[in-house]
Amino acid sequence: MPKITIQDFLKKKVEKKKITMLTAYDYPFAQVVDEAGLDAVLVGDSLGMVVQGLENTLPVTMDEMIYHTRMVSRATKNAMVIGDMPFMSYQAGIEDAVRNAGRFLKEAGASTVKLEGGAEVAEHIRVMTRSEIPVMAHIGLTPQSIHRMGGYKVQGKTEAAANRLVEEAHIAEDAGAFSLLLEAIPIQLAKRITEELTIPTIGIGAGPYCDGQVLVLHDVLGLFERFIPKFVKRYADLKEEALKAILTYKAEVEQGIFPSEEQGFK
Ligand code: KIV
């Protein structure tokens, strides 16, 4: 099966078919996500928190993102691979943005990139798109703005803030973004943006009316416990399963049950 393209994303919006997306950060999990037939895998800078154990996403570097995106690309036969641009890989200037975005395609096998922001990165999106790098914009709660926002808070709650986000959504679309990620905004606001835009919206904590949905894989599988946002639905408890397996292994080694003759060579 050929890889999912930005044209497939647009087609799904037109045909009112939901776009499915999860994050992944390494070969084995990307393989599972791809095998499940999801449309896209986001190599999110959330890896800073769920894989590296950091407080927030700010310290994640371009080289780390390239390292993880390579593993995901190797495992992915069908899903679109989206490389997430980390903090300070685009904020300081457009040249930085194009060069770093290009690395995701040139060195890491991604076909698209995501960056946080709307109006303030419109020119970045325009130039990156013109440089043949398809861009997903990300507005609402943007985790790289944690210090300005004063924490991970729902955005667009007042009329003025909601109108501003609608404006930002249009600016991102006009700049050439192929899709728009909406994080932690009220349901009706996400619905309005989704209806007004011709590009697909992907929601996380933005309700059921977006054109697609994304979640952080480690939240979905029960592998991240430090905090669980209200918008997360946990579909498995792999931490518990892994703990059980490792405790059984430990007990069997201590009791001389493992290895048995069966695992030995004659
Ligand atoms: O980094 C990430 O995983 C993200 C998701 C929260 C969408 O940006």
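Predicted model only: the values in this text are computed from it and were never measured. (Residues numbered from 1 in each chain as written. Predicted model: local features only at pLDDT ≥ 70, side-chain atom pairs only at ≥ 80, totals over all residues. Heavy atoms only, no water.)

A. Examining the pairing of strand E1 (residues 19-23) more closely. Judged by how many residues are buried, E1 sits mostly within the fold: four of five residues are covered. The sheet contact formed by E1 and strand E8 (residues 212-215) spans four bridges and is parallel. Counterpart to Thr20 in the pairing with E8 is Gln213. Of the pairings in the sheet, the one linking E1 to strand E2 (residues 40-43) comprises three bridges and is parallel in character. Looking across to E2, one finds that Met21 is bridged to Ala40. For the crossover from E1 across helix H2 (residues 27-35) to E2, the handedness is right-handed. (Buried < 20%, exposed > 50% of the residue type's maximum accessible area, 1.4 Å probe, protein only. Helix = DSSP H or I, 4+ residues; strand = E, 2+ residues; numbered from the N terminus. Pairing = 2+ DSSP bridges. Right-handed = clockwise from strand over helix to strand, strands pointing away.)

B. Molecular detail of the domain arrangement of the protein chain. Split by domain assignment, the protein chain resolves into domain 1 (6-235) and domain 2 (238-266). Spacing between the C-alpha centres of domain 1 and domain 2 amounts to 40 Å. (Domains from an automatic or database assignment.)

C. Local environment of the side chain of Asp84. Structurally, the position occupied by Asp84 is in strand E3 (residues 80-84). At a separation of 3.0 Å, a polar atom in the side chain of Asp84 contacts the side chain of Lys114. The residues contacting Asp84, other than those within four sequence positions of it, are Leu42, Val43, Gly44, Asp45, Met65, Phe104 and Lys114. (Polar contact = N/O pair within 3.5 Å; in protein donor to acceptor, adjacent residues only side chain to side chain. Contact = heavy atoms within 4.5 Å.)

D. Representation of helix H6 (residues 122-130) within the structure. For H6, the complete set of buried residues consists of Ala122, His124, Ile125, Val127 and Met128. Summarising the contacts, the buried residues of H6 are in contact with helix H5 (94-106), strand E4 (112-116), strand E5 (135-140) and helix H8 (159-175).

E. Examining the packing of H8 against helix H9 (residues 187-196) more closely. H9 packs onto H8 with a crossing angle of 30 degrees between their chain directions and a minimal axis gap of 10 Å. Taken as axis vectors, H8 and H9 run roughly parallel relative to one another. Crossing angle aside, the handedness with which H8 passes H9 is right-handed. In this structure, H8 contributes Ala162, Asn163, Leu165, Val166, Ala169 and His170 to the contact, and H9 contributes Leu189, Arg192, Ile193 and Glu196. Across the contact of H8 with H9, the residue classes tally to six nonpolar, two polar and two charged. (Axes fitted to C-alpha atoms, helices over the stretch in contact; angles between N-to-C directions. Parallel < 35°, antiparallel > 145°, perpendicular 65-115°, else oblique. Left-handed = near helix turned anticlockwise from the far one by under 90°. Nonpolar A, V, L, I, M, F, W, Y, C, P; charged D, E, K, R; others polar.)

F. View of the site of the ligand. Close to the ligand lie Thr23, Leu42, Gly44, Asp45, Ser46, Asp84, Lys114, His138, Leu181, Glu183, Ile204 and Val216, which account for all nearby residues. At 3.0 Å, a side-chain N or O of Asp45 approaches an oxygen atom of the ligand. Side-chain polar atom of Lys114 to an oxygen atom of the ligand: 3.1 Å apart, as the coordinates give it. (Near = heavy atom within 4 Å.)

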